[in-house]
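What follows is the residue order along each chain.
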Amino acid sequence: MIRSMNSKRMVEKYIAPRGIEDKRVLEAMKSIPRHHFVPEALFERAYSDHPLPIGHDQTISQPYIVALMTQALELQGSEKVLEIGTGSGYQAAILSLLVKQVFSVERIHALAVQARKNIEALDIHNVSIQCSNGETGWNEYAPFDCILVTAAMPDEPLAFMNQLRDQGVIVAPIEEDGVQKLYRYTKSNQQYTREYLCHCAFVPFIKS
Ligand code: SAH
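What counts, and where the lines are drawn
- Residues numbered from 1 in each chain as written.
- Predicted model: local features only at pLDDT ≥ 70, side-chain atom pairs only at ≥ 80, totals over all residues.
- Heavy atoms only, no water.
- Helix = DSSP H or I, 4+ residues; strand = E, 2+ residues; numbered from the N terminus.
- Buried < 20%, exposed > 50% of the residue type's maximum accessible area, 1.4 Å probe, protein only.
- Contact = heavy atoms within 4.5 Å.
- Areas by Shrake-Rupley, 256 points an atom, 1.4 Å probe, with all protein chains shown as cover.
- Expected span 1.5 Å × (residues − 1).
- Arc of directions from axis to C-beta.
- Phe/Tyr/Trp six-rings, centres within 6.5 Å; stacked < 30°, edge-to-face > 60°.
- Near = heavy atom within 4 Å.
- Polar contact = N/O pair within 3.5 Å; in protein donor to acceptor, adjacent residues only side chain to side chain.
- 1 Å grid on protein atoms, 1.4 Å probe; cavity = no way out; pocket = protein on both sides within 12 Å on 5 of 7 lines; lining within 4 Å.
- Sits in = over half its atoms within 2 Å of the grid points.
- Axes fitted to C-alpha atoms, helices over the stretch in contact; angles between N-to-C directions.
- Parallel < 35°, antiparallel > 145°, perpendicular 65-115°, else oblique.
- Nonpolar A, V, L, I, M, F, W, Y, C, P; charged D, E, K, R; others polar.
- Pairing = 2+ DSSP bridges.

A.B. asks: Please clarify how the overall build of the chain should be interpreted in this entry.
C.D. replies: Helices and strands together make up the secondary structure of the chain, namely 5 helices and 9 strands. Projected onto the principal axes, the alpha-carbon positions of the chain cover approximately 55 × 35 × 35 Å. Burial analysis of the chain (208 residues in total) assigns 51% to the buried set. Within the chain, residue pairs in contact and separated by at least 24 positions form 54% of the contacts whose partners lie at least 6 positions apart. A total accessible area of about 9,900 Å² is found for the chain, and carbon and sulfur atoms account for 49% of it.

Right under this line is the structure:
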């Protein structure tokens, strides 16, 4: 099947022009085929800059936001990263090319199973996916260098503090007064400083 769009063109059209400059992030976004992570009926829309439904009332995030969040982690290559909200596995696949090891937690069993299949089919071997509620992180593999939350949290990610190394970074969408904002938190001496990145629209983070 000939596609009019692919991940390389998607990056050139929607991601690089909007100010994503980290070359490693741009290369990773070019190498992972996004259509692989959406239902077949949506293949033709996989390279537009939009979130898309993946079943169970959940979505694969907009590619630009994936790029922005990934860039905000300032990855060097040796990190151990925790993602909360595996969804389709697309964000985890992007991270897999940029860090040493990715751990990802998804509360919906069917999505965790499908995400594992999506990742295995691309021959990616440094991603571990666990089906559980991510509100307490994934203690077994802590501390992490970075934590990425891909569902909108009702409050600050304090529960993850002890699973993050000192000077580690969390990127998370937080809902405040009905508005979602993406923040980058940096841990220092058991406290966070936070920095606003942009407004955003994620599915809600579900507490158990
Ligand atoms: N990162 C995903 C998109 C995430 S959509 C991708 O690349 O496709 C948000 C996901 O977070 C959904 O799959 C939802 O089921 C999951 N989620 C929401 N609350 C959660 C929680 N408390 N623990 C684990 N997963 C959660």
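A.B. asks: What is the right way to read helix α5 (residues 109-121) from this model?
C.D. replies: Side chains three or four residues apart in an α-helix point the same way, a direct result of the helix having 3.6 residues per turn. In this model α5 runs 19 Å from its N-terminal to its C-terminal C-alpha over 13 residues, within 8% of the 18 Å that 1.5 Å per residue would give. Burial in α5 covers these residues: L111, A112, A115, N118 and I119. Here the buried residues of α5 occupy an arc of 125 degrees about the axis, which is enough to place them on one side. Turned more than 90 degrees away from the buried face of α5, the exposed residues are H109, E120 and A121.

A.B. asks: Can you walk me through the packing of aromatic side chains in this structure?
C.D. replies: Here the distance between the centres and the angle between the planes together describe a pair of aromatic rings. Under the counting rule described, the total for this entry stands at 8 aromatic pairs. Aromatic side chains F103 and Y141 sit 4.3 Å apart centroid to centroid with 20 degrees between the ring planes, which places their arrangement in the stacked category. Highlighted residues: F103 in strand β4 (residues 101-106) and Y141 in the loop between β5 (127-131) and β6 (144-149), separated in sequence by 38 residues. Residue classification places F103 among the buried positions, given a relative accessible area of 2%. Given the relative accessible area of 32%, Y141 is considered partly exposed. Taken together, the aromatic side chains of F103, W138, Y141 and F144 make up a single cluster linked through ring pairs.

A.B. asks: Explain the site of the ligand here, please?
C.D. replies: Around the ligand, a shell composed of 26 residues is seen, among which S88, E106, N133, G134 and I206 lie nearest. Take G85: an N or O atom from its main chain is 3.0 Å from a nitrogen atom of the ligand. Contacts to the ligand include G134, whose backbone N or O atom sits 2.7 Å from a nitrogen atom. Surface burial for the ligand is 99%, taken as the share of its 580 Å² of free accessible area covered by protein chains. Judged by its atoms lying within 2 Å of the grid points, the ligand is housed in the largest pocket. Looking at the shell around the ligand, the elements with two or more residues in it are β2 (58-60), α4 (90-96) and β4. Here the shell around the ligand gets 3 residues from one element, more than from any other, and that element is β2.

A.B. asks: What's the story with the environment of L97 in this structure? I'm lost.
C.D. replies: Its location among the elements puts L97 in the loop between α4 and β4. Taking C-alpha positions, L97 is 8.7 Å from I124, a pair spaced 27 residues apart along the chain. Among residues more than four places away in sequence, those in contact with L97 are R24, A28, S31 and I32.

A.B. asks: Even after reading the chapter, I still don't get the packing of helix α1 (residues 7-15) against helix α3 (residues 63-72), so can you show me in this structure?
C.D. replies: Relative placement of two packed helices is described by the angle separating their axes and the distance separating the axes. Two elements in contact, α1 and α3, have axes separated by 10 Å at closest approach and are oriented at 80 degrees. If you check the angle between α1 and α3, you find them roughly perpendicular. Contacts between α1 and α3 involve M10, Y14 and I15 from the former and P63, Y64 and A67 from the latter. Looking at side-chain class alone, the contact of α1 with α3 contains 6 nonpolar, no polar and no charged residues.

A.B. asks: What's the story with the pairing of strand β7 (residues 164-176) in this structure? I'm lost.
C.D. replies: The two faces of a sheet get side chains in turn, since along a regular strand they alternate between them. Here β6 pairs with β7 via 4 bridges, running parallel. Across the sheet, I147 pairs through a bridge with I170, a residue of β7. Note: β7 against strand β8 (residues 179-188), 8 bridges, orientation antiparallel. Residue pairing in the sheet places V169 in a bridge with T186 of β8. Where β7 folds back on β8, the antiparallel hairpin that results is connected by 2 residues, among which D177 adopts a positive phi of roughly 50 degrees.

Everything listed is a geometric property; what it means functionally is a separate question.
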